[in-house]
Each structure stands twice: as structure tokens, then as C-alpha cells.
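Read off the chains here:
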Amino acid sequence: MKSDVEGIADTLHRYESAVLSATEESTTLDEISTRTGLSKIECMRGMQWLQNKKAVDISTDEDVFIAVDSNGKEYLKKGFPEKRVLKLIKKGPASFKDIKKGLKLSDEEFNVCLGLLKSKAAAEIKDGKLEITAHGEKLAEKETLEESFLKQLSKKNARVEDLSPEEKFSYQALKKRKSIIKEETSKTKRAELTDFGKKLKKASLKAGEREDRLTQEMIRTGSWKKKEFRKYDIRINVPEINGGKRHFVNQTIESIKRIWLDMGFKEMTGPMLDTSFWNFDALFTAQDHPVRELQDTFYVKNPEKGRLPGKKLVDSVKSMHEDGGQTGSKGWGYSWDTEKAKSNVLRTHTTVLSAKTLANLKKECLPAKYFSVAKCFRNEALDWKHLFELYQVEGIVVDPEANFRNLIAYLKRFFRKLGFEKIRVQPAYFPYTEPSAEVHVFHPIKKEWVELAGAGIFRPEVVVPLLGEDIPVLAWGMGLERSISEYFGISDIRQLYSNDLKQLKEIKFWR
Amino acid sequence: MPTIILNKKVFEKLVGKKLSEEKLKERISYLGTDLESIEGNEIHVEVFPNRPDMLSEQGFSRAFSTFVGTKKGMAEFKVEKSGEKVVIDKSLKDIRPYTACAIIKNLRFDDEKIREIVQIQEKLHVTYGRNRKKAAIGIYPYERIKPPVYFFAGDPKKVRFIPLESDREMTGLEILSKHPAGREYAHLMEGLDKFAFFRDSEGKILSMTPITNSHDTGKITEETKEVFVECSGFDFDVLSICLNIIVTALSDMGGKIYSMDLEYPDRKLTTPNLSPKKMKLDLDYINRRIGLSIKESEAKRLLERMGYGYEKKNVLVPAYRADILHQADLAEDIAIAYGYENLKEDIPQVSTIGQEDELNVFARKAAEALTGLGLIETNTYNLIDKDVQTGMCNVDMGVVELIDPVSSEYNSLRKWIIPSLLSVLKDNKHNEYPQRIFNIGTIFKKDKKNRTESGVSEAVRLGVMLCSRTAGFTEIKQVLDFLMRMLDIDYSISETEHDSFIPGRVGRVSVKGKDVAYIGEIHPNVLENFDLDMPVSCFELNLSDLHEAIQR
């Protein structure tokens, strides 16, 4: 067993071990940075982590420093104004105006110079001109205390309490003048090893002999064989990354398609825009049925009408509506309008694909199973509960031997694969199936029965024109959006297709 | 689905049995209706539109009683002859040619019953009557009417009466603009210069159908003991069933049904006709359809549970059932009586081979390649604002437009994918860059070769769009190039012009001589229209055409 100290020493981050090795009893951040070669930010992170481990105490000292200010910097380059004035009048007396203009001095600066030179008896005013004195001539060549103090400051800031008496004098003099020097507060961070820190330092120096990274060099030369590798803190949080991704609805669709394919169903595809003939009439939906009205269904302006399929099929569908033809049905008992059937419509259900599939199905291909997962349309206003484009899942089984009990069995298997163990069927009504059923599933999380799908056997009035005889066609279908919203915790259905890239990057995968 | 409200006490009395709430809910569901809620004394039930006969308290209770076994078989209704006449004028031929009528006596109305009658009338109007277009129902206090009754076409500028709940006389035309029911149903009178009216032998107007009754002769009150009922419309069979539904409900309220003689220009008929329709039972078909092997005696018992009669291999279908067209309908009712919950599942051993659509497989491969490059897939609507896909993209072209879309900003079908992707970028300006996206979707355009029945051809296209400081032609061509290499397709690019792109930075991509894509940098004009301040490069690839081209 390793002691705690050794355990921690093994998993120290490289910033931590560097800081630790550079820290004596009490060491400043600057010193640590110099010794380790790490940036100050890196050192601070190491210090803080070590403080969390109670290996160091971090303290902050505040110091007031004297530093050169803006005018001071200028004077360092050009010389103090009073010195420049002296040098100028050394060549001969000059008027105030000429001095100010020649040296580009402001009135304020000039007045300060004048005061200073007079108080030091370095110049005097004669006939409105400034004239240098003998003392002044000496001073012009000599560096003043203020000048040497400022030069020193420009090399290194100084603390007031560290100043010599002469320096203090210069400091007081310069402080009175404008923007030559300033006071700066600076913070010095300092790390101090705790008792635990001292032990950790020892252990870390030992651990420090271990390698941080496995390098290509080590592998090539085989030197890794003689090395030990530092342990990482594997619980540490790492920054988030995101990758390219399918849209979550499409991903869901792929996995639902997989269920159908596993069950031996073939995929049906077809146009979204088709004639009312396929969308309604072939599915025995009477021409005055409310679902065909403009407020529920999308019709198009151009081309408003399409053409009907072959006469044989059209005549057969017409007779279904009018008197049931040879099926033994009474039909709807009205006069069927060919023109109405030509109106183009955005499919209101994917059952139109089932109808078209049946129309193209050869009898020698029976029994056959088909599915689709595709969009259908409702003329709705977009709001948190409604969309005008919806995905519908649909399957049919065309089998001369099939019956309603088989349908229940297919439904059970399909919904079990979707994650629902218990289902029940209840009577329902759809214009194109008889018997019809609603499928309810027992929701494993909500612990209640939820209506999820519709099912039934296609009516003979639907099947006979398409297939030529009354062969049972089992059918079931459901909308997808509600289940998807529920799984992804989306309460506003519009968010399924809002394509917010942040949401798309972060959203989890379908189960 | 229409919802009706049942008075719990009345319902229990009619059924002859009290059920627990739970049992009630369960039985109502397995009858093929849905218990929505129970609020105090009110039971709210949803009825499917194929059973208008269940849209009244009486009709619903009648069906429920046989289903739970408090009653059995077909309900019998006696019809006595009143000998009174309704004369139908031939001028109605193109206006509203048919009516079916009856008289009910011995009624005792109270507030509750009047409400119930209004409910039946309204629910039937909305569903079976297709908002009064197909069938309209009038119920009048018979005491205020002097028979015979005349049904005629009158001049709406001249015929005047006081409409329901009004205090003054109006002409038919005034009613259309001034009376609430007139305004609501005026569209049904469009293009007619004569309207259909009922009057009695003294010339009093009873109603202007299908709009409103007269306030004077057409309003039921608590004093009313006898009523005249008429249904008018275009199909006599529909009207007969509608009348039957009402008179049987009124009979279940305690009324006595009296027939009337209808004198049509070419024939005489008597209504109501409540004798059941006979339908031969094809038990073999029904057993095969459900997957049962029940015997005739069992079938008879089950049919009786659903309110049918049965004699000598014939099913007697009640005269108020509108939904029995075929043996398949009997099969469903037998299955309901048997109980869907009692039908055992039976999985057939049928072997078929699953197969995915090839174009969809191809599209998925493309999507996999692109997600591998770190692109995010979007899913956008097929519907789009016409201006977004034309004007905002600097192009002028015809697109397939919708008639009266409720969401008016989605008024056309998209002809290309790039506008959808630009809209996505527009909505994502607050999110981090680079934004690298793609979308696989359907596009719609006029079918010039007349290959489709609708006259519009559809194709699946892939749009890829890059948006970042560095998103230029090179970056987008790298993506196209990677995709084509992965799909093992050779392509060539030639210079072209397209107003959505920067001139000289747009190309046409072709495979085996077929143009399959545009690729380029989006014009800053277009970027401004979409409120974007970052360069965008993209390509739009026709996957349907590409797939077809590489099959050859």
C-alpha cells in the first residue's frame, strides 16, 4: 500500500509538480515562473490546485511603488524643461515669447520653469528678457538630483520606504509637478509550503522521475521499457467536443425502418403531390367527405389538376363509389365526379403509397409486405402542437389467407420492437378499413394506456379495383412526431424542425 | 370526432343498469366509442362519424343496452298512418329536390328534452348532413300548422317571414345578410335565384331550408306536444335514414310516430319507413375475415348484441343504420360483439424478404460521408415562402404554389434546397461558427415531359453549405470531391452563370454527361437578403439523377 502522500504525488499534474519543485518556504509567483519556465497563468493554476490539496498556502502582498508617469517619460527623452531653458539662454538672453515658441512649452510649463530658475538663482529678468546667472551656467552642465532619481525610476520602480534621504527629497519635489511620477499598487502572489506540502514535495521529486507523456521517440528507441509513467487523475473533467451528426428525426426514422426490414417488409416510395384520385377516391373516401375540404388539405394552384390512370381502374373506382360494383357493397350512392378526382393534392396520408403499391402488385408475388416512413401534409397553422408536415409510418400485409387476428399479432410484434410490451386494440373508424382498430400501448414510463396507431383490413371497395379481387390487406399506421418529441423531451413540436445548430449538436441519439 | 353529452340519470334509465365508472369506460371503448369524461351528471362520449344513429342520448343508449345485454336484438318501432300530406313542387328540381317527413305525437317536453332535440339536430347537421349541405333538419310544433304542408321554390326577394329568435319579418334575401344563421349558411344559396320554403295550407311560412325556421311556426316550446319533422336535401335515401334517426330518438323519448304521404310530381311515397333492410349473411366470409369459426347460432347472438335482427340466414339491418354497405361491415360488428379483447393473436408463418428503397440507401451513404467530415444534418420543410426561394435568392422562376395555406408564409413547394439551408443559417446567427450543414430533401417542379400523373415531378436533392470566414470555393469543392470519391463517381465541373452566386465562382457539375449539381460561392447580395455577414459556399446535388446516371 502506498501512503496518501505517494498516491497524490503520483497523480500530480505537471504544473503542480513544477510549482512544487520551485517553491521554497515562501516564494513569489515571479520567482516560480522564472524557475519553472511556465507562464504565470500556468503557475497560478498549479498553485491553486496545490492549495486545494492543502500543500501550499497562497498569500498576496500589496505594495505601493513609485513609477515614471507620462510627462516624466517625455522629460527623460528631451530633458527637463528648466534645463532646456537654461541651455537656451546660455547662448544669450531671450524673450519669454521666443523661449516658449523655441522650446514648444505651454504657459503652465514655462511658468513652473521660471519659478524654479528664479528660486535657484539660475536666471533673472532684465529688460523683459530672461538672462542666465553665473550659478545658472554651472547648473546647466550638471545633472540634478531629480534627473538622476527619474532615470533610476525608469529602470526599476521603487518603494517609498526604501528611498534614501536625497531620493526622498527629489520624490517630494517631483510629486508636486504634473504627471512626472505616479504611485502604483502592485500585488505579489506568494506560495508557502505547508508541512504536508513539504512531504509532498519530497514524494513528488521521486515521482518526477516518472514520464509524463509517452513520446514517439520512446517507442521508436524502446526507451519506454526503462521508464515509469506518471498516473493521471482520470476523474478530471475534460472540455466538451461535438462531431458531425444525422438529424435526430432522420436518425429515428432509420431505426424504425430497420424494424420493418427485420420483419421482412419492402419499402414503398412515391410522390408527395398526387391526384385526389389516389389520395381519396381509390381509398373509398366519398367526394363530399369533410377531409377533402380546402381548410384541411393542401391543393395547388399550378397545375391545379393532373391526369387519371387507366380507364379500367378509374371506372372500377367510380362504380365502388356509386353502387359498389360487383363487390356486393352498396357503395356511397352518389354520382362520382371525374373532375374532382383530378385535383392535385399534397398527400394527406401515406396510405396513398399503399394504394399505388397494390395497383402495381402482381398476384404471383403474394403474400407480400410493404412499409413506408414518409411525410404527409395537413393545412394547419404552425403552433406548439401542430405542424403542416408530418412523418407517417405505415405498413401493409397482402395475403390471401390473412385475417384480423393475424393483424393483432403483427401489431404486437411491431410495437414490441418499438419498445412497448403490452398493446390492446379497440374498435375505431377509418373510411378505408373494415374492421378498423385503434392501437393502444401501455406506456412503460407514464404507466398508462396511450393511443398510438390506427389499423384495419382494407375495405373490399378499396382492394377490388386495385388488385382485381377481394384479397385481405392488413394495414396499420401511426404518426411519428409525438413519440419523437416525447423521447427527446421536446414540448414545442416546432422544435423538431427548428434546426438550431446548438440543439442538433448536443441532442442525444435515439434509443 | 363529434362528442355528445349524455344525462347520466336518463342514460341509466334507458339502459336499465348502473355501471361503475371504470366498467362504463371500458364497455364504451369496446363498443367503438370513447368515454371522454364524466362531469357530475354529464357523460361526454365521442362517437365515430360512421354512426350518426349514436349521436343522441336515445340512439347511444339503444346501442349500448344490447351491447351490455340489458336488451336484445333489434328495437321495434310502430308507425301509424296520419294520412296527412306533404306536396312537393317540381320547381325544386335544381334547388333542393327531396324531403322526408313525419309527425310525432304524445311528447312531453321540458328544458332538458328541448336541449336534447337541439343537440341531435346540430350533431346530425354537422356530421351526416355535411353542415346542412347534404341534409338539413327542421322540427316544428305541429299544433301551429294546418296540413297539408307544401314544399316549394319561392322568390327570396318576395317571400317574407319572421326567422327564429327575431322580432320582425324579413325577405329570404334579407335573412342571408341579417340573420346569424343566414350569414353562416349563405354560401349554400350561392347561384340560386329561388330558395326552398315550407308552408302550410294557410300560407304560413314554416321555414326557409336549410337556413332557418319561422319564429312563429317553427319553434319548439314546453307547451309543444306534437311535432312535424322534415329532412331536406338531394338524396332521398340519405334523408330517409336521417329522418329515421330522429324519429326513433323521439320515439325513445315517449313519442308516437305517424307517417306522412309525400306527393312528388312523379310519384307518391310514405315516410318514415322503419322496416329493416335485409342482408344475406355470408358467415364464411366473416369467419375468414376475422379469423374465427363461429356457428350460425353464435353469429345470431352476436348480431343481436349489436342491435340487429336475424331471420332465415338474413340479417335485419335497422332502418337508422347508415354505415352497413357490405359483409365487411357486418364482420366488424360481429368482431365488436365478440369483443376485440377476446380475439387471440395468431402470427402467420409467412416468409417475405425485406428491402429498402435503393435511392434511400444511396442517400444514406452520402449522409454518412458528410457526417464523417463533421457536418451537421438539418431537416427542413418541403413548404417554403415563394419569395425566399426566388426573390431573396436573386432569381425569378415559376414554382408550385398552394391554394389558401393556413400558414401563409409557407405558400409554395420548394424547387431547390439552397434557400432552405440559407434560412437555417439566418436562424443560427447567434450560434458559433464555422457552421457546416447539409440537408437531403425533395424538390418539386413542373413535369415538362408529362411523365407523372400530377404534372409535377419530384426529385431527392442534397444541399451542402459551409459558412465561416474561410468558407470559399476550395473548401466546398473539397467536400464535393470527398463525397464523389467515396461514392466512386467521376465528375467534371464547367463554368456557368447563376444569379445566386458570385460570377466566376460558380460551376455546373456533371456525371456521365448529365448535369447533376451547382457549386459555388453565394453572392453577397443574397447574403444580405438573408441577413448574413459571413461568406457562404455550397453545392446542390440531384441524388435522384445521380443515382440514375450511375446505374447506366
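Fair warning: this is a prediction, and the values are worked out from it, not measured in the lab.

Draft legend 1. Looking closely at the domain arrangement of chain A. Examined at the domain level, chain A breaks down into domain 1 (4-59 + 188-226), domain 2 (68-186) and domain 3 (249-506). On a C-alpha basis, the centres of domain 1 of chain A and domain 3 of chain A stand 68 Å from each other.

Draft legend 2. Seen up close, the sheet that holds strand β23 (residues 435-446) of chain B. All names here are of chain B. With mixed pairing, the 7 strands of this open sheet are ordered in space as β19-β23-β24-β28-β27-β26-β25. For this open sheet the edge positions go to β19 (376-377) and β25 (492-495), each flanked by a neighbour on one side alone. The strands touched by helix α11 (residues 358-372) are β23 and β24 (456-467); relative to β23, the strand with the most contacts, the crossing angle is about 155°. With respect to the sheet, helix α16 (residues 543-551) is in contact with β23, β24, β26 (501-511), β27 (514-522) and β28 (536-542), its orientation differing from that of β28 by roughly 50°.

Draft legend 3. Geometry of the sheet that holds strand β5 (residues 129-132) of chain A. Residue and element names in this part refer to chain A. With antiparallel pairing, 3 strands are arranged side by side in an open sheet as β3-β5-β4. Either end of the sheet is taken by a strand with one partner, and the two such strands are β3 (94-95) and β4 (123-126). Inspection of the sheet shows β3 paired to β5 by 2 bridges, in the antiparallel sense. Bridge pairing in β5 places Ser-95 opposite Lys-129.

Draft legend 4. Structural detail: the interface of chain B and chain A. Listed as interface residues are 81 residues of chain B and, on the opposing side, 98 residues of chain A. Summed over both sides, the interface between chain B and chain A buries roughly 7,900 Å², with carbon and sulfur atoms accounting for 53% of that surface. Counting the contacts that link chain B with chain A gives 11 salt bridges. In this structure, A:Asp288 engages B:Arg130 in a salt bridge whose closest nitrogen and oxygen atoms are separated by 3.3 Å. Counting across the chain B and chain A interface gives 56 residue pairs in polar contact (both at pLDDT 80 or more). Of all the elements in the fold, those that place two or more residues in the side of chain B that touches chain A are α2 (21-30), α8 (283-290), α10 (327-338), α11, β19, β21 (402-403), β23 and β24 of chain B. When residues in the side of chain B that touches chain A are grouped by element, the largest group, 5 residues, is from β23(B).

Draft legend 5. The arrangement of the domain arrangement of chain B in detail. Residue and element names in this part refer to chain B. Segmentation of chain B into domains returns domain 1 (3-68), domain 2 (79-271), domain 3 (277-339) and domain 4 (358-551). With 5 residues of domain 2 at the contact, the number on the domain 3 side is 5 residues. Overall, the association of domain 2 and domain 3 removes approximately 360 Å² of surface from exposure, summing both partners, and the carbon and sulfur fraction of that is 70%. For the pair domain 2 and domain 3, the interface holds 0 salt bridges. At the boundary of domain 2 and domain 3, one finds 1 residue pair in polar contact (both at pLDDT 80 or more).

Draft legend 6. Examining helix α4 (residues 40-52) of chain A more closely. All names here are of chain A. Between its first and last C-alpha, α4 extends 18 Å over 13 residues, near the 18 Å set by a 1.5 Å rise per residue. Regarding α4, the residues found buried are Cys-43, Met-44, Gly-46, Met-47 and Leu-50. For α4, the angular spread of the buried residues around the axis is 165°, confining them to a single face. Exposed residues lying more than 90 degrees from the buried face of α4 are Ile-41 and Asn-52. Against α2 (14-22), α3 (29-36), β2 (56-68), β7 (181-193) and α12 (195-207) lie the buried residues of α4. Downstream of α4 by a residue or two, Lys-54 has a phi angle that is positive, lying close to 65°.

Parameters and conventions
Residues numbered from 1 in each chain as written. Chains lettered and ligands numbered in written order. Predicted model: local features only at pLDDT ≥ 70, side-chain atom pairs only at ≥ 80, totals over all residues. Heavy atoms only, no water. Domains from an automatic or database assignment. Pairing = 2+ DSSP bridges. Helix = DSSP H or I, 4+ residues; strand = E, 2+ residues; numbered from the N terminus. Contact = heavy atoms within 4.5 Å. Axes fitted to C-alpha atoms, helices over the stretch in contact; angles between N-to-C directions. Buried area = accessible area lost by both parts, 1.4 Å probe. Salt bridge = Lys/Arg side-chain N within 4 Å of Asp/Glu carboxyl O. Polar contact = N/O pair within 3.5 Å; in protein donor to acceptor, adjacent residues only side chain to side chain. Expected span 1.5 Å × (residues − 1). Buried < 20%, exposed > 50% of the residue type's maximum accessible area, 1.4 Å probe, protein only. Arc of directions from axis to C-beta.

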